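A look at the structure
As a plain string of letters, each chain reads:
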Amino acid sequence: MARADRFLNALAGKPVDTTPIWIMRQAGRYLPEYRATRAKAGDFLTLCKTPELACEVTLQPIDRLGVDAAILFSDILIPIEKMGVPLAFPEEGPRLQPVRDEAGIAALRVPDADAEMPFVMDAVRLIRRALDGRVPLIGFAGAPFTLLTYVVEGQTGKQFTETKRLLFTAPRAAHALLQKLTDTVVNYLAAQIRAGAQVVQLFDSWVGQLAPDDFRVFAAPYVRTIIERLKPLGAPVIYFANDGGSLLADAAGLGADALGVDWRTPIDEARAKTGDDVTLQGNLDPCLLFAPIPQIEQRAADVLRRGGGKRHIFNLGHGILPPTPPAHAEALVEIVHRIGSELHRIK
Ligand code: CP3
């Protein structure tokens, strides 16, 4: 079986020769070649908005690591800027002009992705051409609840008090914002798929802040809508509910082809909650890549064993961290492919 088929086959529940692997944030600051391209761009947003440079960094980890999928280089906050929320990326992380009231929410727009973010679709087309069929390309967007936290907090949340104040004191305004974010995400992902993204992932990085009852009101219905509206386009959807161990049974009912699982929930326990009709993706703790390679092997083998070689895509339990030695990421891919092929031979 060709490397190019593993990831799509695992998403579809078809046989694979070994467990496919890609790494969230695989193009990033832990790679010296990423830091060089980032320096050439000047700043992070320019890197995201220059298709040739976005293509260059997307490709950097593909052959170096030997991963089974590429992921578009961009950021979940790009469409929010086009909704009318000014965005900057100083060293401390993203900064937005927060929107917290009904009037501010009413003033936000649903951007036309092809017209207003042509640099993203141009990057997708360039990447597909440069990949030349080696591995499939994943497009992505933030899920509505996670995007709402950035709009309302104006930065990465800490206690998420402004977010929860909006949800619990002005639910009508919160739902209006979630609906606009949902329409934006559907339009944006549909444009990525038309441009050539073969799979899309929804990142719900902060949804673990919600109690299950609130997940069912403020997150799940919007994710379900996005998946339903994208379905006719035929690209599989991965839903990553970070810190979502208590939400997994609900998440399994949203129609996604795969669920991302963070490192806090062992894959076999996740499987018991989701049933067999969905692919699971994950979930080595990213900090284990700081450890010596034999320890990485032992822990990756445990993740693979818990995945049981059934509808499992290997990944980290969240994004790879800047202090990671690149050689350890390379070793992880070799380990997963080697042990994964044994797992699939004995079945
Ligand atoms: O996975 C990939 O390789 C694709 C690229 C990608 C980036 N951001 C590049 C990036 C993806 C998929 C994202 C998604 C994203 N962005 C998420 C969801 C995933 C997650 O980690 O939960 C979130 C929450 C964001 C928002 C964001 N972007 C934050 C909070 C930060 C600052 C923190 C940090 O890691 O630096 C960013 C910046 C960012 N996005 C960087 C990269 C490579 C670092 C920017 C730099 O080069 O300095």
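First things first, this report covers the structure right here in the doc. (Residues numbered from 1 in each chain as written. Predicted model: local features only at pLDDT ≥ 70, side-chain atom pairs only at ≥ 80, totals over all residues. Heavy atoms only, no water.)

Some remarks on the layout of surface pockets
- What the largest pocket holds in volume is close to 1200 Å³.
- Around the largest pocket, the lining comprises 41 residues; the ones closest to its centre are Arg25, Arg29, Asp75, Phe89 and Pro94.
- Residue classes in the lining of the largest pocket are distributed as 22 nonpolar, 10 polar and 9 charged.
- In this structure, the second largest pocket encloses a volume near 160 Å³. (1 Å grid on protein atoms, 1.4 Å probe; cavity = no way out; pocket = protein on both sides within 12 Å on 5 of 7 lines; lining within 4 Å. Points joined across faces, edges and corners; volume = space filled by probe spheres on them. Nonpolar A, V, L, I, M, F, W, Y, C, P; charged D, E, K, R; others polar.)

So, the pattern of salt bridges
- Evaluation of the coordinates by the stated rule reveals 24 salt bridges.
- Residue Glu33 pairs with Arg64 through a salt bridge whose shortest N-O separation is 2.8 Å. Taken together, the residues Glu33 in helix H2 (residues 32-41) and Arg64 in helix H4 (residues 51-65) connect sequence positions 31 residues apart.
- The class for Arg64 is partly exposed, based on a relative accessible area of 33%.
- One salt bridge in this structure joins Glu81 and Lys49, with 2.7 Å as the shortest N-O distance. Taken together, the residues span a long stretch of sequence, with Glu81 in helix H5 (residues 78-83) and Lys49 in helix H3 (residues 44-49) at a distance of 32 residues. (Salt bridge = Lys/Arg side-chain N within 4 Å of Asp/Glu carboxyl O. Helix = DSSP H or I, 4+ residues; strand = E, 2+ residues; numbered from the N terminus. Buried < 20%, exposed > 50% of the residue type's maximum accessible area, 1.4 Å probe, protein only.)

Here's the deal with the side chain of His312
- The topology assignment puts His312 in strand S9 (residues 312-313).
- A distance of 2.9 Å separates a polar side-chain atom of His312 from the backbone oxygen of Gly282.
- When residues no more than four places from it in sequence are discounted, the contact partners of His312 are Ala10, Thr19, Pro20, Ile267, Thr279, Leu280, Gly282, Val303, Leu304 and Gly307. (Polar contact = N/O pair within 3.5 Å; in protein donor to acceptor, adjacent residues only side chain to side chain. Contact = heavy atoms within 4.5 Å.)

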